[in-house]
Amino acid sequence: MNIEEIKNPQFLKQLNINELEDLSQEIRRFIMQSVATTGGHFSSNLGIVELTVAMHYVFDAPRDKIIFDVGHQSYVHKILTGRAKEFKRLRQFGSISGFQRRHESEYDPWEAGHSSTAISGAIGIATARDLNHDDYNVIAVVGDAAMMSGESFEALNYLGSSKHKVIVILNDNNMSISKNVGGFSNMLSDIRTSKQYKDVKDNYTSWMMRSKTGQRVYDATKKVKDKVKERVLADSAFAQFDLDYIGPVNGHDMEELIRALETVKELDHSVILHVITTKGKGYPLAEEDKSGLYHGVGPFDLSKGVIKPHHLHHQMWSEAIANHIEYLMHEHDDICVITPAMIAGSQLGDIFKKFPARSFDVGIAEEHAATFAAGLSVAGKFPFLAVYSSFSQRAYDQINHDIARMDLPCLIGLDRAGLVGSDGSTHHGVFDISYLLAIPNVIIMAPHNQYEAERMINTAYTLHDHPYVIRYSKGMIHKHSRHVTNTLQVGSWDEIVYKKENKVTVVVYGDHVRMAKNVVEQNNLPVNVINARFIKPMDEEMLKEISNTHIIVYETVMHKGSLGSAMALYYEEHHRNVKMDFMAIGDHYVTHGDIPTLLHIENLSPEDLLHKIKEALDEERKS
Ligand SMILES: Cc1ncc(C[n+]2csc(CCOP(=O)(O)OP(=O)(O)O)c2C)c(N)n1
């Protein structure tokens with residue numbers, strides 16, 4: 001069958017088990033080929049093919065609401081709901097997102113990108129359904145790692161006492177991006193492997209082979225369920241939440257899946273259906289991957305597999321930061337490293353190998369990660385918490401209430417700061433400056449190259465006086481093998497290009513320093529470029545010095561609460577009448593697309609900066 005011709009999932013109802021299995025294989029091949037061409041989430045989608053086909057066979061979307069937690073594993077769902085043609089431009093500007101999006105399809109009842117919201121959202125929808133006297137199913141599909149995050153637990157706790165039915169499908173592949181961690185994960189492993197479970201499962205499966213839907217199914221299910229509860233799950237988390245549990249079932253066995261889904265559909269109350277899948281199913285390299293290499297991929301050759309690019313002279317920002325932290329860890333045994341489930345993305349693999357006792361992957365648990373860091377700091381350690389800027393939003397209260405309020409020495413590395421491209425609105429790191437500027441005690445830094453980053457890290461460690469935040473982008477920077485050991489004056493800005501007679505000044509930080517310098521130098525413009533490497537505190541001497549020039553503040557963060565807005569407030573408070581232009585993101589969410597396209601859409605491209613500078617120069621010439 002031509003996968004691109006699929007309009008909606010209705011046709012599935014006419015297929016028999018063999019045909020559903022064949023279709024699953026075709027969809028799997030389609031995903032492999034198209035994601036290897038465009039890049040995107042690879043292994044999670046290969047693992048969920050049969051489960052998604054079976055869900056659309058048993059349920060009636062869009063009437064029944066299927067919510068994928070995070071949404072990165074919704075490709076099969078997108079294909080079955082008429083979006084296969086769009087996969088050629090997956091995650092590109094103007095095309096389909098890599099996550100569920102309500103405006104994209106009536107089959108997407110929910111949106112996410114950050115994890116562990118599906119069960120809460122599903123409970124809300126189910127509650128509204130019942131208040132409206134409607135009758136449809138609400139299904140939340142949640143990965144085993146997303147299930148362990150706090151919001152999922154809060155939702156499960158609530159669901160256990162709610163009368164509004166939600167079907168929670170636990171898609172358990174024993175993997176987060178890399179290996180899943182934690183006690184709950186161990187509990188799931190026990191269920192998967194225990195002999196006891198196997199006995200129960202055998203009974204359960206053989207029962208299911210005979211089952212019919214309706215009251216008989218319910219009664220029988222209840223018996224099995226009670227048996228499962230009694231024999232295996234007496235101590236399990238789900239029983240403690242007072243929730244029904246069925247499974248585990250083999251997530252690659254179509255017949256078993258359909259019977260299990262028909263069973264949970266017939267129940268009159270909420271249930272957890274535990275489905276075991278293999279992440280990367282069908283592509284051996286992805287099946288074996290434990291590091292997360294195949295979780296999200298760029299374009300790659302299927303016949304060769306993903307080859308990690310080795311750049312001699314360049315490196316990712318995350319790599320530069322991790323390398324220097326590792327360098328310091330050799331010297332200082334009080335430095336500890338924490339990541340909420342992002343070892344691979346934050347390039348912490350080497351640190352975890354070399355310093356296992358001082359490296360902590362806490363799972364998808366940003367709130368816990370921040371308060372855990374606070375605890376380490378209180379007891380005399382120096383924590384480095386590496387967290388993606390957008391995911392750090394989860395830990396706002398912990399950074400504020402636990403770290404900053406106690407003014408605890410630590411370093412928070414905000415990775416993927418600024419626009420991130422194809423992951424889109426949920427993932428752009430554009431809010432951190434706005435939310436951090438309001439918090440007392442926090443020093444906010446944005447380096448423009450490796451040496452500056454190292455000096456910032458040294459400063460935070462040497463001074464040991466406050467929480468420091470260092471924000472860096474998804475981009476690449478020049479690589480130096482030598483490390484620097486000196487520090488910076490906190491709050492000092494740097495004159496990259498400066499002449500007293502210049503009437504226009506561009507204030508910029510991070511990656512954009514180089515861009516602004518290039519724009520000014522390549523066009524021979526009489527314009528200052530200031531590297532505002534400390535967003536907080538600002539360099540007041542420099543603020544005074546440039547206050548008689550026309551200032552352009554260029555940032556790729558939300559304008560409200562930006563450095564530009566802090567500067568404007570400073571000048572206002574000091575009664576200085578300064579001409580200022582602001583280049584930043586307006587009051588809207590930025591969509592997905594490659595970064596140059598997004599910069600263009602947001603009027604933040606180098607050409608836009610050049611245009612703004614020329615306007616300012618014209619204005620100054622005239623005045
Ligand atoms: C709050 C938050 N933190 C981190 C991430 C990054 N992230 C995306 S998917 C993922 C792993 C999800 O694992 P799991 O839920 O088991 O689903 P799987 O991909 O294995 O199917 C992580 C950590 C995120 N999306 N949201």
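Conventions used here
Residues numbered from 1 in each chain as written. Predicted model: local features only at pLDDT ≥ 70, side-chain atom pairs only at ≥ 80, totals over all residues. Heavy atoms only, no water. Helix = DSSP H or I, 4+ residues; strand = E, 2+ residues; numbered from the N terminus. Rg over C-alpha atoms; globule rule 2.2 N^0.38 Å. Buried < 20%, exposed > 50% of the residue type's maximum accessible area, 1.4 Å probe, protein only. Contact = heavy atoms within 4.5 Å. Areas by Shrake-Rupley, 256 points an atom, 1.4 Å probe, with all protein chains shown as cover. Lys, Arg positive; Asp, Glu negative; His and termini not counted. Charge placed at Lys NZ, Arg CZ, Asp CG, Glu CD. Pairing = 2+ DSSP bridges. Axes fitted to C-alpha atoms, helices over the stretch in contact; angles between N-to-C directions. UniProt positions renumbered as here; feature names shortened; annotations may be inferred. Domains from an automatic or database assignment. Buried area = accessible area lost by both parts, 1.4 Å probe. Salt bridge = Lys/Arg side-chain N within 4 Å of Asp/Glu carboxyl O. Polar contact = N/O pair within 3.5 Å; in protein donor to acceptor, adjacent residues only side chain to side chain. Core = buried A, V, L, I, M, F, W, Y, C linked by side-chain atoms within 4.5 Å. Near = heavy atom within 4 Å.

Here we take up the overall build of the chain. From N to C terminus, the chain includes 25 helices and 21 strands. For a compact globule of 623 residues, the expected C-alpha radius of gyration is about 25 Å, and the chain comes in at 27 Å, within 12% of that figure. With respect to the principal axes defined by its C-alpha atoms, the chain has extents near 85 × 55 × 50 Å. Counting only residues that meet the buried cut, the chain has 59% of its 623 residues in that class. Summarising the internal contacts of the chain: among those between residues at least 6 apart in sequence, 77% fall at separations of at least 24. About 25300 Å² of surface is accessible on the chain, with carbon and sulfur atoms providing 50% of the total. Side chains of the chain give 65 positive and 81 negative charges; the mean places of these two sets differ by 3 Å.

Right, let's talk about the sheet that holds strand E10 (residues 359–361) for a bit. Remark on secondary structure: sheet strands pair via backbone hydrogen bonds, oriented parallel or antiparallel. Here we have seven strands laid out as an open sheet, ordered E10-E9-E11-E12-E14-E13-E19, and mixed in their pairing. Because the sheet does not close on itself, it has two edges, and the strands there are E10 and strand E19 (534–536). When strand polarity is set aside, the average angle formed by the axes of neighbouring strands in this sheet is 20°. Inspection of the sheet shows strand E13 (residues 443–445) paired to E19 by two bridges, in the antiparallel sense. Following the sheet pairing, Met445 is matched in E19 by Phe534.

Attention now goes to the UniProt feature "domain: Transketolase-like pyrimidine-binding" (unreviewed entry) in the chain. Under the UniProt annotation, the feature "domain: Transketolase-like pyrimidine-binding" (unreviewed entry) is placed at residues 315–480. As annotated, residues 315–480 has a helix share of 40% and a strand share of 20%, and its two end C-alpha atoms lie 9 Å apart.

Most of strand E12 (residues 410–415) sits out of view: six of its six residues are buried. Burial along E12 is two-sided: the face carrying Cys410, Ile412 and Leu414 and the face carrying Leu411, Gly413 and Asp415 are both buried. Looking at chain direction, strand E11 (residues 382–388) and E12 are connected through five bridges and run parallel. Bridge pairing in E12 places Phe384 opposite Leu411. Strand direction decides the pairing type here: E12 and strand E14 (residues 467–471), joined by five bridges, are parallel.

Let's shift gears to the domain arrangement of the chain. Where the parts come together, the accessible area they lose is often given as the size of the interface. Split into domains, the chain comes out as domain 1 (60–69 + 98–285), domain 2 (314–478) and domain 3 (495–622). For domain 2 and domain 3, the distance between their C-alpha centroids amounts to 26 Å. Every contact between the two is made by 33 residues of domain 2 and, on the other side, 29 residues of domain 3. The junction of domain 2 with domain 3 conceals about 2300 Å² of combined surface from both sides, 63% of it contributed by carbon and sulfur atoms. By the criterion of area lost to domain 3, the three top residues of domain 2 are Leu419, Leu437 and His448, representing 25% of everything that side buries. Summed over the shared surface of domain 2 and domain 3, the number is one salt bridge. Close ionic contact of Glu452 with Arg533 constitutes a salt bridge, the shortest N to O distance being 3.2 Å. Counting across the domain 2 and domain 3 interface gives 15 residue pairs in polar contact (both at pLDDT 80 or more). For the side of domain 2 that touches domain 3, the elements supplying multiple residues, two or more each, are helix H19 (432–437), E13, helix H20 (450–463) and strand E15 (476–478). If you tally residues by element for the side of domain 2 that touches domain 3, the top one is H19, at four residues.

The five strands are arranged E16-E18-E17-E20-E21 in an open sheet whose pairing can be described as mixed. The sheet is open, and its two edges are formed by strand E16 (494–497) and strand E21 (580–585), each paired on a single side. When strand polarity is set aside, the average angle formed by the axes of neighbouring strands in this sheet is 25°. Taken together, the three bridges between E16 and strand E18 (residues 527–531) define a ladder with antiparallel strand orientation. Paired with Asp494 across the strands is Asn531, a residue of E18. Packed onto the sheet, helix H25 (residues 606–622) meets strand E17 (504–508), E18, strand E20 (550–558) and E21 and runs at close to 155° relative to E20.

Take the nonpolar core next. Ile325, Leu411, Trp493, Val507, Leu563 and Met567 are the most contacted members of the largest nonpolar core, which totals 81 residues. For this core, the leading source of residues is helix H14 (residues 317–331), giving seven residues. When residues of this core are assigned to domains, at least three fall in each of domain 2 (314–478) and domain 3 (495–622). If near-sequence neighbours (up to four positions away) are discounted, Leu411 is found in contact with Ile325, Phe382, Pro383, Phe384, Leu385, Met445, Ile457, Ala460, Tyr468 and Ile470. Residues Leu12, Met32, Leu80 and Val275 belong to the second largest nonpolar core, which totals 55 residues.

All right, on to the site of the ligand then. Near the ligand there are 23 residues, and of these Ser44, His72, Asn173, Met175 and Glu366 occur at the shortest range. Contact between the ligand and Met175: an oxygen atom at 2.9 Å from a main-chain N or O atom of the residue. Glu366 is positioned such that a nitrogen or oxygen atom in its side chain is 2.7 Å from a nitrogen atom of the ligand. When the ligand sits alone it has 590 Å² of accessible area, and the protein chains cover 98% of it.

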